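For reference, the chains in residue letters:
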Amino acid sequence: MSDKMDIKESETGLVRVFHVDLPDEAIERFTVQAGTGEWPLMYGLGAKKLSSTFVDVVSIRDLGEMPLTTYLSQAYSVPPSELSADVDRLNKLRDTVLVLPSQAFAHTAQSLTVRTPLRWIGTYQEIKGRKPGAPVRSKSAKGTLGGGSAKGVSGINPAILRWIMIGAGIVVVAALALALTN
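None of the values given here were measured: they were computed from a predicted structure.

A.B. asks: Sorry if this is basic, but what is going on with helix α1 (residues 24–31) here?
C.D. replies: In an α-helix, one turn spans 3.6 residues; hence positions three or four apart end up facing the same way. For α1, the complete set of buried residues consists of Ile27, Phe30 and Thr31. Seen end-on, α1 carries its buried residues on one side only, within an arc spanning 80°. Away from the buried face of α1 by more than 90 degrees, exposed residues Glu25, Glu28 and Arg29 are located.

Put into structure tokens, the structure is as follows:
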């Protein structure tokens with residue numbers, strides 16, 4: 001049995017969860033890309049491109065008392081409301097799961113054909129950032145502050161401050177040269 005899913009090049013903010021039906025001793029061989037380039041996980045997903053940096057292989061045993069839904073909420077900012085329909089199914093999973101955020105697909109449009117030993121569990125939306133507020137319309141936001149001359153934060157003209165710094169640098173270099181010759 002296989003599941004098909006399309007990944008868009010512009011996709012962001014989604015987290016896909018898969019169950020990995022393999023014994024513990026076979027997980028690493030399946031999920032880690034070999035030095036030869038062989039990567040069974042990529043074949044199991046039917047992916048054209050996959051970024052190993054974002055592949056998260058989670059042993060349910062390593063979570064201890066933490067339910068998988070809590071892990072997804074904390075590690076991937078998936079809101080509990082997004083997971084509510086699948087809470088029982090997610091928290092009953094055993095052994096190993098694979099979590100792939102959108103970044104794992106390296107902004108590459110591709111069609112996945114998920115095959116055994118992977119079983120797709122669900123795709124969840126991360127919390128979206130806040131919408132930007134109304135634009136600020138004050139004079140200072142437009143880049144004009146009342147009529148003064150160009151001064152740095154300290155109130156000193158930037159050109160003068162630059163010359164002071166160059167002079168201080170010359171003094172430090174001269175002092176080091178003098179110390180090294182003695």
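On we go.
A.B. asks: Just to check I follow, could you spell out the pattern of salt bridges for this structure?
C.D. replies: One side chain can pair with another of opposite charge once the charged atoms of both are near each other. Scanning the entire structure with this criterion turns up four salt bridges. The closest approach of N and O atoms between glutamate 38 and arginine 29, which form a salt bridge, is 3.5 Å. By relative accessible area, glutamate 38 is classed as partly exposed at 32%. Overall, the relative accessible area of 52% leaves arginine 29 in the exposed class. For arginine 89, the salt bridge identified is with aspartate 86, shortest N-O distance 3.4 Å. A residue is classified by how much of its surface remains accessible, and arginine 89, at 37% relative accessible area, is partly exposed.

Conventions used here
Residues numbered from 1 in each chain as written. Predicted model: local features only at pLDDT ≥ 70, side-chain atom pairs only at ≥ 80, totals over all residues. Heavy atoms only, no water. Buried < 20%, exposed > 50% of the residue type's maximum accessible area, 1.4 Å probe, protein only. Helix = DSSP H or I, 4+ residues; strand = E, 2+ residues; numbered from the N terminus. Arc of directions from axis to C-beta. Salt bridge = Lys/Arg side-chain N within 4 Å of Asp/Glu carboxyl O.

These results come straight from atomic positions and should not be treated as a statement about function.
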